[in-house]
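Spelled out from the first residue to the last, the chains are:
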Amino acid sequence: MSRALEEEECIASWCADDDWCTVTCTAHLIGKKWHPVIVHRLLEHGPLGFNALKDEIESISSTVLSNSLEDLEDNGLVNRAIVSEKPFRVEYSLTEQGSSLEPVINAMDAWGEEHLQETSCN
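The shown structure was predicted, so the numbers you read here are calculated from the model rather than taken from an experiment.

Peer 1: What should I look at first to understand the packing of helix α3 (residues 35-45) against helix α7 (residues 102-115) in this one?
Peer 2: In a packed pair of helices, the relevant descriptors are the angle between the two axes and the axis-to-axis distance. As a packed pair, α3 and α7 sit with axes 10 Å apart at the nearest point and diverge in direction by 110°. With respect to each other, α3 and α7 are oriented roughly perpendicular. The residues of α7 that touch α3, namely those facing Pro-36, Val-39, His-40 and Leu-43, are Glu-102, Ile-105 and Met-108. Tallied by class, the residues present in the contact of α3 with α7 amount to 5 nonpolar, 1 polar and 1 charged.

Written out as structure tokens, the structure reads:
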């Protein structure tokens, strides 16, 4: 069983029948700092290589980007495809499930636009 399925079953078991369980599951998948940003950039630009994606997220380190992409891939939101062996190049794209996050990411973007001045994010 994949790590993502094990974690999903674990979450489902402790919040089963609670109306907030679905919110918790969604937050588990995209609740880390860089996850929604990565999904946003892949929605905006389509498939990207590692360096191109890193260029689109200026403040992220290579290690954090690599770990975040691995987590998103484990959770079934991102695909990693080897484009060439020499030179070795991979490309990241959203899965169908990852693409279905578009309204969530757009809502986060809209909320941020409206409330950025009122929050501690700036």
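From this point, things continue past the structure.
Peer 1: I would appreciate a short explanation of the pattern of salt bridges in the present structure.
Peer 2: Where charged atoms from two side chains of opposite charge come close, those side chains can pair. As enumerated under the stated definition, the model contains 1 salt bridge in all. The partner of Lys-32 in a salt bridge is Asp-71, and the shortest N-O contact between them spans 3.2 Å. Of the two residues, Lys-32 is situated in the loop between α2 (21-30) and α3 and Asp-71 in helix α5 (residues 62-74); the sequence distance between them amounts to 39 residues.

Here is what the cut-offs are and how they apply
- Residues numbered from 1 in each chain as written.
- Predicted model: local features only at pLDDT ≥ 70, side-chain atom pairs only at ≥ 80, totals over all residues.
- Heavy atoms only, no water.
- Axes fitted to C-alpha atoms, helices over the stretch in contact; angles between N-to-C directions.
- Helix = DSSP H or I, 4+ residues; strand = E, 2+ residues; numbered from the N terminus.
- Parallel < 35°, antiparallel > 145°, perpendicular 65-115°, else oblique.
- Contact = heavy atoms within 4.5 Å.
- Nonpolar A, V, L, I, M, F, W, Y, C, P; charged D, E, K, R; others polar.
- Salt bridge = Lys/Arg side-chain N within 4 Å of Asp/Glu carboxyl O.

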